[in-house]
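Geometric and topological summary
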2 protein chains.
Amino acid sequence: MKFSPLVQELIESFKCLPGVGGKTAQRMAFHLLERNRQGGTKLATTLNKAMENIGHCQKCRNFTEQTLCEICESPRRQQSKLLCVVENPADVIAIEQTGEFQGRYFILMGHLSPIDGIGPDDLGLDLLENELNQGQVKEVILATNPTVEGEATAHFIAEMAHSMDVNISRIAHGVPVGGELEYVDGNTLSHALTGRKNYQV
Amino acid sequence: MKFSPLVQELIESFKCLPGVGGKTAQRMAFHLLERNRQGGTKLATTLNKAMENIGHCQKCRNFTEQTLCEICESPRRQQSKLLCVVENPADVIAIEQTGEFQGRYFILMGHLSPIDGIGPDDLGLDLLENELNQGQVKEVILATNPTVEGEATAHFIAEMAHSMDVNISRIAHGVPVGGELEYVDGNTLSHALTGRKNYQV
Ligand SMILES: [Zn+2]
Ligand SMILES: [Zn+2]
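Residue indices begin from 1 for each chain and proceed along its sequence in written order. Starting at A for chains and at 1 for ligands, labels are handed out in the order in which the entities are written. Local features in this predicted model are restricted to residues whose pLDDT is 70 or higher, and side-chain atom pairs enter the listing and the counts only when it is 80 or higher, whereas totals over whole chains, interfaces and linings include all residues. Computation of side-chain values covers all heavy atoms of the structure but excludes hydrogens and water.

Our next topic: the layout of surface pockets. Throughout, the protein atoms alone are placed on a 1 Å grid, and a set of points is a cavity if a 1.4 Å probe fits but cannot get out or a pocket if it is open with protein on both sides within 12 Å along at least five of seven lines; lining residues have an atom within 4 Å of a point. Grid points are joined across faces, edges and corners, and a volume is the space filled by probe spheres set on the points. When its volume is computed, the largest pocket comes out at roughly 370 Å³. If you go around the largest pocket, you meet 15 residues; those closest to its centre are Arg27, Phe30, His31 and Arg35 of chain A together with Asn88 of chain B. Every helix listed is a DSSP run of H or I at least four residues long, and every strand listed is a run of E at least two residues long, numbered separately from the N terminus. Of all the secondary structure elements, the ones that give two or more residues to the lining of the largest pocket are helix H2 (22-35) of chain A together with helix H6 (89-98) of chain B. Per element, the largest residue contribution to the lining of the largest pocket is eight residues, and it comes from H2 of chain A.

If you want it as structure tokens, here you go:
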């Protein structure tokens, strides 16, 4: 005995979402059926439209339904000659929210991971190399995550850009602002010590 | 700065799912866009079909795309004259998996909850009363959850069925089979003691 065929099919379909197993899929199906059919129909329509129309920006690889994303289309951003390399679209949002950065981005959509078979081409590094070769970028800021994979990816890109006429920088790692030393992990603390700067009086 | 309009719309749409907030919605959107467009499109199609075609069984209220569900359509189930009242469709599956029960079900799709404005009519109790009045049921088994709301709902139905010519029973509560006493909560244990039975030698 199972649910009716269409209910069963709906539950199965939800399992394509990350972190959603049988129980959660069931809860989602019943919730929409029982309490929010309108929301379910809206999700179906948007999902369909999104899967069909969202592609990658031809310059930065971010998700967009246009050929170029809003940031890449801005002449002001282009003129800054700064290019910030991040792993994910969400990183772009995080950096944009600081209001500190006025350059462009390059989104890897992941990091190098030989175990998962993710190599330079999967991260669009050929596209990045191309971009750097065109001489319109004067500094590449490596803002990949401070993880083993993120560091390895940053290192790989730095090596690649080394021979080109471009500055390469890495975002600073250290004690989070507002954090208390005793709660900061050892690795971060050792980064903070190694990366210490002269105190300006 | 936000994501592109369609990406943003997709993220928002996922928030109609229970337990899905901003971060999870974002992860779902990116996962489908990056790794599983086929799954996303399939989900959209099924969701659309499901929201449009799945209704409630006219006898037991379970979800089905037919007028009557498979169980209610079975003459053998009807002949048993047993009706098991449960809160959710998932409870039906759980009971069916035991293979112990050959009767029909009535699914409340919730429990009485005055705070949330859920009263007898929202649980289809008029439909249940109707069914019991037809004299085709000889025993109603109350299998609502052993929670405060579930007990209150069982009590309400028992009162309603009291005047009719029908037996009313409640599923047994006690120590789960295979469980160890020391890990059983006090409430269950006190139920198990109160509901003790003569030991058959
Ligand atoms: Zn772009
Ligand atoms: Zn039915």
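What follows deals with empty space enclosed by the protein. Residue and element names in this part refer to chain A. For the structure on display, the rule yields one cavity of 30 Å³ or more. Roughly 40 Å³ of internal volume is contained in the largest cavity. Taken together, Arg77, Gln78, Lys81, Leu82, Leu83, Arg104, Gln136 and Val137 make up the lining of the largest cavity. Every element with two or more residues in the lining of the largest cavity is listed here: helix H5 (75-79) and strand E3 (82-86).

This paragraph deals with the coordination of the zinc ion (ligand 1). Residue and element names in this part refer to chain A. Counted as donors are the N, O and S atoms within 2.8 Å of the metal, or 3.2 Å for Na, K and Ca, while water is not among the atoms, so some sites may look incomplete. Taken together, the protein ligands of the zinc ion (ligand 1) are Cys57 (SG), Cys60 (SG), Cys69 (SG) and Cys72 (SG), with distances of 2.3 Å. Every angle between 85 and 135 degrees makes a four-donor site tetrahedral, while opposite donors more than 155 degrees apart, with all other angles between 65 and 115, make a four-donor site square planar and a six-donor site octahedral; other sites are irregular. Considering all four donor atoms around the zinc ion (ligand 1), the spread of angles at the metal, 106 to 119°, places the coordination shape in the tetrahedral class. Considered as a linear motif, the donors of the zinc ion (ligand 1) on their single chain read C-x2-C-x8-C-x2-C. Note that Cys60 is positioned in the loop between strand E1 (55-56) and strand E2 (63-64) and Cys72 in helix H4 (residues 70-73), a separation of twelve residues in sequence. Like Cys72, Cys60 is buried. With a 1.4 Å probe rolled over the protein chains alone, any residue whose accessible area is under 20% of its type maximum counts as buried; one over 50% counts as exposed, and the rest are partly exposed.

The next point concerns the coordination of the zinc ion (ligand 2). Residues and elements named next belong to chain B. All of the protein donors around the zinc ion (ligand 2) are Cys57 (SG), Cys60 (SG), Cys69 (SG) and Cys72 (SG); their distances to the metal are 2.2 to 2.3 Å. For the zinc ion (ligand 2), the four donor atoms in the first shell make angles of 105 to 119° at the metal, a pattern classed as tetrahedral. Considered as a linear motif, the donors of the zinc ion (ligand 2) on their single chain read C-x2-C-x8-C-x2-C. Cys72 matches Cys69 in its accessibility class, with the two residues each being buried.

A few words now on the relation of the copies chain A and chain B. The copies were overlaid with a least-squares fit restricted to C-alpha atoms from residues scoring a pLDDT of at least 70 in each copy. Overlay of chain A on chain B (RMSD 0.1 Å): rotation 180°, translation along the axis 0.1 Å. The operation mapping one copy onto its partner corresponds to a two-fold rotation axis. Considering only C-alpha atoms, the residue of chain A closest to the rotation axis is Ala44 of chain A, which sits at 2.1 Å. The overlap is high: 100% of the interface residues of chain A also sit at the interface in chain B, so the same surface is used on both sides. In this description, contact between two residues means that some pair of their heavy atoms is separated by no more than 4.5 Å.

Moving on to the packing of helix H3 (residues 37-53) of chain A against helix H1 (residues 5-14) of chain B. The N-to-C vectors of H3 of chain A and H1 of chain B enclose an angle of 145°; their axes lie 9 Å apart at closest approach. Crossing angle aside, the handedness with which H3 of chain A passes H1 of chain B is left-handed. Here Lys42, Leu43, Thr46, Leu47, Lys49, Ala50, Met51 and Asn53 of chain A of H3 of chain A come into contact with H1 of chain B, specifically with Leu6, Glu9, Leu10, Ser13 and Phe14 of chain B. For helices, the fitted axis covers only the stretch in contact; all axes are lines through C-alpha atoms, and the angles between them, taken along N-to-C directions, range from 0 to 180 degrees. Crossings are assigned a handedness: left-handed for a near helix turned anticlockwise from the far helix by less than a right angle, right-handed for a clockwise turn.

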